[in-house]
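A closer look at the structure
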Amino acid sequence: MSEGNVCENERDTHPVLETLADLVRINSVNPNYEAGVPEAEMADFVEHFFATRGIETWRQLVYPDRPNVIARVPGRDPQRRIVLEAHMDTVSTIGMTIDPWNPEIRDGKMYGRGACDTKGGMAAMMHAVASLAADGITPECDVLFAATIDEEFSYRGVVALCDSLEAGPVDPQILKQETSPRNPWTAEAAIIAEPTDLMPVIASKGLVRWKIETRGKAAHSAKPHLGVNAIEHMAHVITAIQKDTLRLSQDTHPLLGPATCNIGIIRGGVQINFVPDRCEIEIDRRLLPGETRETVLAHYQQLIDSVAAEHPGMDVVMHPPMLSDRPLETDADSPAVQTMANVLRDMGMDSALIGVPFCSDASKFGAIGIPSMILGPGSIDQAHAAVEYIECSQVIQAAEIYRRFLTEFK
């Protein structure tokens, strides 16, 4: 780091923070957002980091110039694996009030886009994995570190990774193939780096987002009886959804609370003197473990069908989901979770198991039977923020947590 960016505290020159600063300097805004770029430069950095340390690395091409990067430290039993995963992309920098790519350290915090979400966790994982090779430690299981693309848009990186993991043994040749013989297996543990203030997360909500559209008939506003007002019809739909949402509070998860439903966008009408012939809303529904996209969408289809039946002439349709994600719920008694709890207790840290309302790559590992946890430095409140930062001390602690987990998991 440049001299002007180094805090007086000696800890702020720690190697893991130097790596974090190098990561923050790289523009990695997801290419689906304004001023976004492919993750190629991030991938180059991650690959070089491990290659220069003599650690096996390879790429899994997901889209042109958008590869996942995987590093491997062999364990005593190559049939058993631990996966550490962090995503390389970030959200847009629009609205930021600091220089997004200048990793400035002030008052023990590093500032910059991605510092919290999730380059801090990535840097900590990279150093934890590299330390095993540097110290000549052979873990009980193979250790895989995966730096993935596209978490901030549609999860295509982790989906590609999990598809290849599920296909058979993990090696560079398998991951480079588009297809491979089906020979399902499951890793013993996965840790996903998202900002959790170093708390172990074993449950997270799922997600489904979709549009509902009402269709009317355009007419001049001076003669509204000649038209059919799609906005007025949508008002009935919204009222029904509001009433239905109240029932969600009656069913709560011990770590996640109730499911939620939010109408986040409404569009309708062309100009004030037209009877609007179209109106649409976009809905964000958060799912609890046990709920599925299919059952939730079927419920809302029944809901709007009943609204339409009460209002003759209403034309209302539900569009296919734009994005969905499964909930995560990992057994608290699994060896992976218990090992992490022991590591945190031994370090004098809070080992209470928690849930979070946001989605992440973790649920994709859980969906193929891998006991998965979300744990990383930083607060989710700073992720995507106009002033994004991370506590430097947490990044250093995270590296030690990951390292101890890798060496203590049996």
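These lines cover the structure that appears in this document, whether it is placed above or below. (Residues numbered from 1 in each chain as written. Predicted model: local features only at pLDDT ≥ 70, side-chain atom pairs only at ≥ 80, totals over all residues. Heavy atoms only, no water.)

**Concerning the overall build of the protein**
Along the protein, the regular secondary structure elements total 10 helices and 21 strands. Burial status across the protein gives 52% buried among its 410 residues. Within the protein, contacts between residues separated by at least 24 positions form 78% of all contacts whose residues are at least 6 apart in sequence. When the accessible surface of the protein is split by element, carbon and sulfur atoms take 50% of a total near 17,700 Å². Where the 35 positive side-chain charges of the protein centre and where its 58 negative ones centre are 4 Å apart. (Helix = DSSP H or I, 4+ residues; strand = E, 2+ residues; numbered from the N terminus. Buried < 20%, exposed > 50% of the residue type's maximum accessible area, 1.4 Å probe, protein only. Contact = heavy atoms within 4.5 Å. Areas by Shrake-Rupley, 256 points an atom, 1.4 Å probe, with all protein chains shown as cover. Lys, Arg positive; Asp, Glu negative; His and termini not counted. Charge placed at Lys NZ, Arg CZ, Asp CG, Glu CD.)

**A short note on the environment of Val316**
Note on placement: Val316 falls in strand β16 (residues 315-318). In this structure, the C-alpha to C-alpha distance between Val316 and Met234, residues 82 residues apart in sequence, is 8.2 Å.

**Remarks on the pattern of salt bridges**
What the rule picks out here adds up to 24 salt bridges. Asp44 serves as the salt-bridge partner of Arg59, at 2.4 Å between the closest nitrogen and oxygen. Linking Arg59 in strand β1 (residues 56-63) with Asp44 in helix α2 (residues 40-51), this pair joins segments that are 15 residues apart in sequence. The exposure class of Arg59 is partly exposed, given its relative accessible area of 26%. A residue is classified by how much of its surface remains accessible, and Asp44, at 40% relative accessible area, is partly exposed. Between Glu213 and Arg215 there is a salt bridge, with its nearest N and O atoms 3.5 Å apart. Residue classification places Glu213 among the buried positions, given a relative accessible area of 10%. (Salt bridge = Lys/Arg side-chain N within 4 Å of Asp/Glu carboxyl O.)

**Considerations on the environment of Thr52**
With respect to the helices and strands, the residue Thr52 is situated in the loop between α2 and β1. In this structure, the C-alpha to C-alpha distance between Thr52 and Tyr300, residues 248 residues apart in sequence, is 54 Å. There is a polar contact of 3.1 Å between the side chain of Thr52 and the backbone oxygen of Phe49. (Polar contact = N/O pair within 3.5 Å; in protein donor to acceptor, adjacent residues only side chain to side chain.)

**Topic: the side chain of His253**
Its place among the elements puts His253 in strand β11 (residues 252-253). For His253, a relative accessible area of 11% gives the class buried. Polar contacts involving the side chain of His253 include one to the main-chain amide nitrogen of Leu255, which spans 3.0 Å. Residues in contact with His253, not counting those within four places in the same chain, are Ala203, Leu288, Pro289 and Glu329.

**Observations concerning the packing of aromatic side chains**
Geometrically, a pair of aromatic rings is defined through the distance of the ring centres and the angle of the planes. What the rule picks out here adds up to 6 aromatic pairs. Seen in terms of ring centroids, Phe49 and Phe50 are 5.1 Å apart; in terms of plane orientation they differ by 85°. Their pairing is edge-to-face. The pair formed by Phe49 and Phe50 is uniform in burial state, with each residue classed as buried. Ring centres 5.3 Å apart and planes at 45° place the aromatic pair Tyr111 and Tyr389 in the tilted group. Taken together, the residues span a long stretch of sequence, with Tyr111 in strand β5 (residues 109-111) and Tyr389 in strand β21 (residues 389-391) at a distance of 278 residues. We classify Tyr111 as buried; its relative accessible area is 11%. Geometry around Phe49 places Arg53 over its ring, the cationic atom sitting 3.7 Å from the centre. (Phe/Tyr/Trp six-rings, centres within 6.5 Å; stacked < 30°, edge-to-face > 60°. Lys NZ or Arg CZ within 6 Å of the ring centre and 35° of its normal.)

**Re the nonpolar core**
Formed by 62 residues in total, the largest nonpolar core has its most connected members in Phe50, Met110, Met122, Phe145, Ile191, Tyr402 and Phe405. Considering each element in turn, this core owes the most residues, 11 residues, to helix α3 (residues 115-134). In terms of nonpolar packing, the next biggest core, distinct from the first, is built from 28 residues, Ala203, Leu256, Leu287 and Leu288 among them. (Core = buried A, V, L, I, M, F, W, Y, C linked by side-chain atoms within 4.5 Å.)

**Remarks on α2**
The first and last C-alpha atoms of α2 sit 16 Å apart over 12 residues, in line with the 16 Å expected at 1.5 Å per residue. If you check which residues of α2 are buried, you get Met42, Ala43, Val46, Phe49 and Phe50. In an axial view of α2, the angular spread of the buried residues amounts to 130°, which keeps them on one side of the axis. (Expected span 1.5 Å × (residues − 1). Arc of directions from axis to C-beta.)

**Topic: the sheet that holds strand β4 (residues 105-106)**
One open sheet accounts for 3 strands, arranged β4-β5-β21; its pairing is antiparallel. Both edges of this open sheet fall to β4 and β21, since each of them pairs with a single strand only. Taken together, the 3 bridges between β5 and β21 define a ladder with antiparallel strand orientation. Looking at the pairing, Tyr111 lines up with Tyr389 of β21. Contacting β5 and β21, helix α1 (residues 15-24) crosses the sheet at an angle of about 20° to β5. (Pairing = 2+ DSSP bridges. Axes fitted to C-alpha atoms, helices over the stretch in contact; angles between N-to-C directions.)

**Topic: the packing of α1 against α3**
With their axes 9 Å apart at the nearest point, α1 and α3 run at an angle of 135° to one another. Of the possible angle classes, the one that applies to α1 and α3 is oblique. Taken as a pair, α1 and α3 cross one another with a handedness that is right-handed. For the pair α1 and α3, contact is made by Pro15, Val16, Thr19, Leu20, Leu23 and Val24 and by Ala115, Lys119, Gly120, Met122, Ala123, Ala124, Met126 and His127, respectively. (Parallel < 35°, antiparallel > 145°, perpendicular 65-115°, else oblique. Left-handed = near helix turned anticlockwise from the far one by under 90°.)

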